[in-house]
Amino acid sequence: KYHNASKAEEDAKTFYKKGKGRWGTDEAALFEIICKSPPQYLQMVDDAYVTTYDVKLQHALKEELRGKTKDAALFALGMKLHPYVTAAELIKNTCAGMGT
């Protein structure tokens, strides 16, 4: 199987190296891991990241990215790991200030 614990640990290290572990963030590499990973596997990557670096992928993205890139990355990650909560937050934020 391609999406196994060993590969998740490798992707967690890659995520760190392309973000927090370097000068300048390689957004494309981070998005590639997020977008190409099935939800269950991305949870394994997140667990491996927490084990190794003591923070979640979400926290790493919040620290490394800014603006719309950060919003897009957090949304993509959220839709994979917590789709119902992410969709509910999107609806709440969209309706805020509409008099509803």
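The present account deals with the structure reproduced in this document.

Thresholds applied
- Residues numbered from 1 in each chain as written.
- Predicted model: local features only at pLDDT ≥ 70, side-chain atom pairs only at ≥ 80, totals over all residues.
- Heavy atoms only, no water.
- Helix = DSSP H or I, 4+ residues; strand = E, 2+ residues; numbered from the N terminus.
- Contact = heavy atoms within 4.5 Å.
- Salt bridge = Lys/Arg side-chain N within 4 Å of Asp/Glu carboxyl O.
- Buried < 20%, exposed > 50% of the residue type's maximum accessible area, 1.4 Å probe, protein only.
- 1 Å grid on protein atoms, 1.4 Å probe; cavity = no way out; pocket = protein on both sides within 12 Å on 5 of 7 lines; lining within 4 Å.
- Points joined across faces, edges and corners; volume = space filled by probe spheres on them.

What follows is about the environment of Leu81. With respect to the secondary-structure elements, Leu81 resides in helix α5 (residues 67-81). Taking the C-alpha atoms as reference points, Leu81 and Ala48, separated by 33 residues in sequence, lie 14 Å from one another. Among residues more than four places away in sequence, those in contact with Leu81 are Pro39, Leu42, Gln43 and Asp46.

Another aspect to go through is the pattern of salt bridges. Overall, the coordinates contain 6 salt bridges when judged by the stated rule. Note that Glu10 and Lys7 form a salt bridge whose closest N and O atoms lie 3.5 Å from each other. You can see Glu10 and its partner Lys7 sitting in helix α1 (residues 5-18), 3 residues apart, about one turn around the helix. Among the residues examined, Glu10 registers a relative accessible area of 46% and is labelled partly exposed.

Glancing now at the side chain of Thr86. Structurally, Thr86 is set in helix α6 (residues 83-95). Setting aside residues up to four positions removed in sequence, Thr86 forms contacts with Phe75, Gly78 and Met79.

Turning next to the layout of surface pockets. Looking at the largest pocket, its volume works out to about 430 Å³. Gln58, Leu74, Gly78, Thr86 and Glu89 are the residues nearest the centre of the largest pocket, which is lined by 15 residues in total. Where the lining of the largest pocket is concerned, the elements lending two or more residues are α5 and α6. Among the elements that make up the lining of the largest pocket, the one with the highest residue count is α5 (6 residues).

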